[in-house]
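The lines below spell out each chain.
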Amino acid sequence: PAVWVMTSSSLDLQVVWMTINIFLFLWFYFFYDLGDQFFYTRHILGCCGRTMRKQLDKNISFHKLVAYMIGLMTAVHTIAHLLNVEWYYNSRLGEYDDLSTALSSLDDSGNTTFLNPIRSTTTTPTLLVFTSVAGITGVIITLSLILMITSSMEVIRRSYFEVFWFTHHLFIVFFAGLVIHGAGRIVRSQTTTNPPHNATFCKDRIDDWGKIQECPIPQFAGGFPQTWMWVIGPMILYVCERLLRFIRYMQTVKYRKIVIRPSKVLELQLVKNGFKMDVGQYVFLNCPAISQLEWHPFTMTSAPEEDFFSVHIRSVGDWTQKLISIVEMGVDGPFGTASEDVFDYEVAMLVGAGIGVTPFASILKSIWYKFKDSNPKLRTRKIYFYWLCRETHAFEWFADLLQLLEREMEERGMGNFLTYKLYLTGWDQSHANHVMVHADADTDVVTGLKQKTNYGRPNWDKEFEQVRKENPTSVVGTFLCGPAVLATVLSKKCVKYTDVDPRKTKFYFNKENF
């Protein structure tokens, strides 16, 4: 009957949409994740334009958009099936026309196959949902999806990361249930008979079904499950990626140096055989003594030219606090970030907020080594570095590097290559009085640098205008490792100060994603 035709068609349509979204999600997510670690996707795309490479940094946004679409399609899919089951039940009770009653009465005797999955008037829609393969798996995967989506809310992800992390791994249950879900074959279609059943002619001759040649008893069958064909490729990639990460995890990590700064920042210098990195990349650290399952991302502060890799970890939670006293760990990485593209720009604006300065420590160190080695491949000719901190002691661990760079640049006659500005966004009256007393000193009272610390927040319009004025024909890469609010501001400034004339200054915005 028309009700089944339309419902089955709508179900087929949204199943296709949902399958396409899942397909895109799996392939993009797993290929990107595996690609950054094994195939070095960024290097493969090195021949492509900057815009193409920047799309890799939007994988989290893409992940969220596809998740929203899967949630929407799941809601449509579930509602359509619930309505369908209700219509099936009413048809079995004979509440519609004679045709729907006759189709619901078809059984599996002889050569016929049923259409209505409700095989008895004693079977209720609720009983069908919780006793059929399609119903049980549908409930399981829907609950899994609800838990994954609700635990991904920012308030939970920020405050209860472990809850988000573990519930997000319900995707294994989700996809396992999805593969099995179609085995229930609830949505059924008419199969060809010999002689064929003429539906137009026979729909008004129910009593003649099986008695005349034009109207053999109609036969129906459920479609063969096909979800596995869409997910097997990404799943194989995922298993390979997990094996690769396990192998890397099992490799020995040695400590080269451990420093605990007064500002509760732990510096770890580590050595691992065969480890290679690029500037701005990050690694996942695991400390089995704290948790066998928890992995936390940290940006590397070392340069590729050094024979070790280092991370700076600020004490902000239970895990990092325990890490200060326990330093046995595993390392998984490195992973690619937007900061890797910094040397593709003639001019770079680096903006770090708090501990978000870590990727730029790696970049500045790498530039230092490239200058020492007179590397001819260095395209960057000017760097503007901005660092925003709330507390004075946050500057401590990074000031040594800036002092070294100051001295190196002056000795080479390249003092104008690096322009850096430090901003203290929080202070008290005693600190202000101390600064006033030493206002005439040659070096800053906070950092010991020649460049004095600024108080308050940058005037970004003024900064962008100055960069554009000093670099009238350059392509400027703006890189941020900091909060989303600041990212929104800088992104808008990049658009605002990009000149419509292609021969003049252009700003491209890049942000670290964690």
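Calculation rules
- Within each chain, residue numbers correspond to sequence positions counted from 1 in written order.
- Under the rules for a predicted model, residues below a pLDDT of 70 receive no local features and side-chain atom pairs below 80 are neither given nor counted, while totals for whole chains, interfaces and linings still include all residues.
- Note that the side-chain values use all heavy atoms of the structure and ignore hydrogens as well as water.
- UniProt positions are given in the numbering used here, feature names are shortened, and annotations may be inferred rather than shown by experiment.
- Put simply, a disulfide is two cysteine sulfurs that come within 2.5 Å.
- Counting from the N terminus, the helices are the DSSP runs of H or I reaching at least four residues and the strands are the DSSP runs of E reaching at least two.
- Each residue gets one of three labels from its accessible area relative to the maximum for its type: buried under 20%, exposed over 50%, partly exposed in between, using a 1.4 Å probe on protein chains only.
- Nonpolar cores were defined as sets of buried Ala, Val, Leu, Ile, Met, Phe, Trp, Tyr and Cys residues, with membership established by side-chain atoms within 4.5 Å.
- Whether two residues are in contact is decided by their heavy atoms, any of which lying within 4.5 Å being enough.
- Two strands pair if DSSP finds at least two bridges between them.
- Here, axes are lines fitted to C-alpha atoms. For helices the fit covers the stretch in contact, and angles between N-to-C directions go from 0 to 180 degrees.
- Any carboxyl oxygen of Asp or Glu within 4 Å of a side-chain nitrogen of Lys or Arg constitutes a salt bridge here.
- Here the expected length of a helix is defined as 1.5 Å per residue gap, with one fewer gap than residues.
- The arc refers to the directions leading from the helix axis to the C-beta atoms.
- In this scheme Phe, Tyr and Trp rings, the latter by its six-membered ring, pair at centre separations within 6.5 Å, and the angle between planes marks the pair as stacked below 30 degrees, edge-to-face above 60, and tilted otherwise.
- Each ring is checked for a lysine NZ or an arginine CZ that lies within 6 Å of its centre and within 35 degrees of its normal; such an atom marks a charge sitting over the ring.

Going by an unreviewed UniProt entry, the chain carries the name NADPH oxidase 1 and comes from Salmo trutta. Under Catalytic activity (unreviewed entry), UniProt gives the following word-for-word description of the chain: "NADPH + 2 O2 = 2 superoxide + NADP(+) + H(+)". We quote the UniProt Subcellular location (unreviewed entry) comment for the chain here in full: "Membrane".

Asks: How should the state of the cysteines be read in this particular structure?
Replies: A complete count under the given rule lists one disulfide for this structure. What pairs with Cys-202 in a disulfide is Cys-215, and their sulfur atoms sit 2.0 Å apart. For the disulfide bridge between Cys-202 and Cys-215, the dihedral angle about the S-S bond is near -95 degrees, and by the sign convention the bridge is left-handed. Here Cys-202 is found in helix H11 (residues 199-202), whereas its partner Cys-215 is found in the loop between H11 and strand S2 (220-222), with 13 residues between them in sequence. Here Cys-202 matches Cys-215 in class, with each residue buried.

Asks: Any chance you could explain the nonpolar core here in plain terms?
Replies: Generally speaking, nonpolar side chains in soluble globular proteins are found buried as a group. Core analysis: the biggest nonpolar cluster contains 32 residues, and Leu-350, Leu-364, Phe-385 and Phe-398 have the highest contact counts within it. For this core, the secondary structure elements donating two or more residues are strand S9 (347-353), helix H14 (358-372), strand S10 (382-389), helix H15 (396-411), strand S11 (418-424) and strand S13 (475-481). No other element matches the seven residues that H14 contributes to this core. In this structure Phe-398 touches Val-357, Ala-361, Leu-364, Phe-385 and Trp-387, once residues within four positions along its chain are discounted. Counting 19 residues, the second-largest nonpolar core is a separate cluster that includes Leu-480, Leu-490, Cys-494 and Phe-509.

Asks: What is the right way to read the pairing of strand S4 (residues 265-271) from this model?
Replies: Here is the key point about a regular strand: its side chains alternate between the two faces of the sheet. The buried fraction of S4 is high, at six of seven residues. Here six bridges tie S4 to strand S7 (residues 309-314), and the two strands are oriented antiparallel to one another. Residue pairing for S7: Leu-268 is matched across the bridge by Val-311.

Asks: Honestly, the UniProt feature "transmembrane region" (unreviewed entry) in the chain in this entry has me stumped. Any pointers?
Replies: In the numbering used here, UniProt assigns the feature "transmembrane region" (unreviewed entry) to residues 15-32, 62-83, 127-151, 163-184 and 228-247. Across residues 62-83 one finds 100% helix and 0% strand; the C-alpha atoms that close the span lie 32 Å apart. As annotated, residues 127-151 comprises 88% helix and 0% strand, and the C-alpha atoms at either end are separated by 30 Å.

Asks: Whenever I open this one, the sheet that holds strand S3 (residues 254-260) confuses me. Can you help?
Replies: To summarise the sheet geometry, strands pair through backbone hydrogen bonds and adopt either a parallel or an antiparallel arrangement. Spatially, S3-S4-S7 is the arrangement adopted by the three strands of the open sheet, whose pairing is antiparallel. The open sheet terminates on both sides in strands that have one partner only, identified here as S3 and S7. In this sheet, neighbouring strand axes are inclined to one another by 20 degrees on average, regardless of whether the strands run parallel or antiparallel. Strands in contact with helix H13 (residues 318-325) are S3, S4 and S7; relative to S7, the strand with the most contacts, it is inclined by about 125 degrees.

Asks: Is there a simple way to think about the pattern of salt bridges in this case?
Replies: Pairing between side chains of opposite charge can happen when their charged atoms approach one another. A full pass over the atoms with the stated rule returns 10 salt bridges. One salt bridge connects Glu-241 with Arg-245, and the closest N-O pair in it is separated by 3.2 Å. Here Glu-241 pairs with Arg-245, and both are found in helix H12 (residues 227-250), just four residues apart, close to one helical turn. By relative accessible area, which is 1% here, Glu-241 ends up buried. Classification of Arg-245 as buried rests on a relative accessible area of 12%. The residue Glu-465 makes a salt bridge to Arg-468 at a minimum N-O spacing of 3.0 Å. Taken together, the positions of Glu-465 and Arg-468, both in helix H17 (residues 460-470) and three residues apart, correspond to about one turn of that helix.

Asks: Would you take a moment to explain helix H18 (residues 484-496) for this structure?
Replies: One turn of the α-helix equals 3.6 residues, which is why residues spaced by three or four share an orientation. Compared with the 18 Å implied by 1.5 Å per residue over 13 residues, the 18 Å span of H18 between its first and last C-alpha is a close match. Here H18 has its buried residues at Leu-486, Ala-487, Leu-490, Lys-493 and Cys-494. Take H18 and look down its axis: the buried residues cluster within an arc of 130 degrees, on one side only. Of the residues in H18, the exposed ones pointing more than 90 degrees away from the buried face are Ala-484, Val-485, Lys-492, Val-495 and Lys-496.

Asks: Is there a simple way to think about the packing of aromatic side chains in this case?
Replies: We describe a pair of aromatic rings using the distance from one ring centre to the other and the angle between the two ring planes. Under the criterion given, the structure shown has 13 aromatic pairs. When the ring of Phe-174 is compared with that of Phe-175, the centres are 5.1 Å apart and the planes differ by 90 degrees; the resulting orientation is edge-to-face. For Phe-175, a relative accessible area of 4% translates into the label buried. Taken together, a centroid distance of 5.8 Å and an interplanar angle of 75 degrees make the contact between Tyr-282 and Phe-284 edge-to-face. With respect to burial, Tyr-282 and Phe-284 carry one shared label: buried. Taken together, the ring pairs connect Tyr-386, Trp-460, Phe-464, Tyr-497 and Phe-507 into an aromatic cluster. When the ring centre of Tyr-384 is taken as reference, the NZ or CZ atom of Lys-382 above it lies at 5.1 Å.

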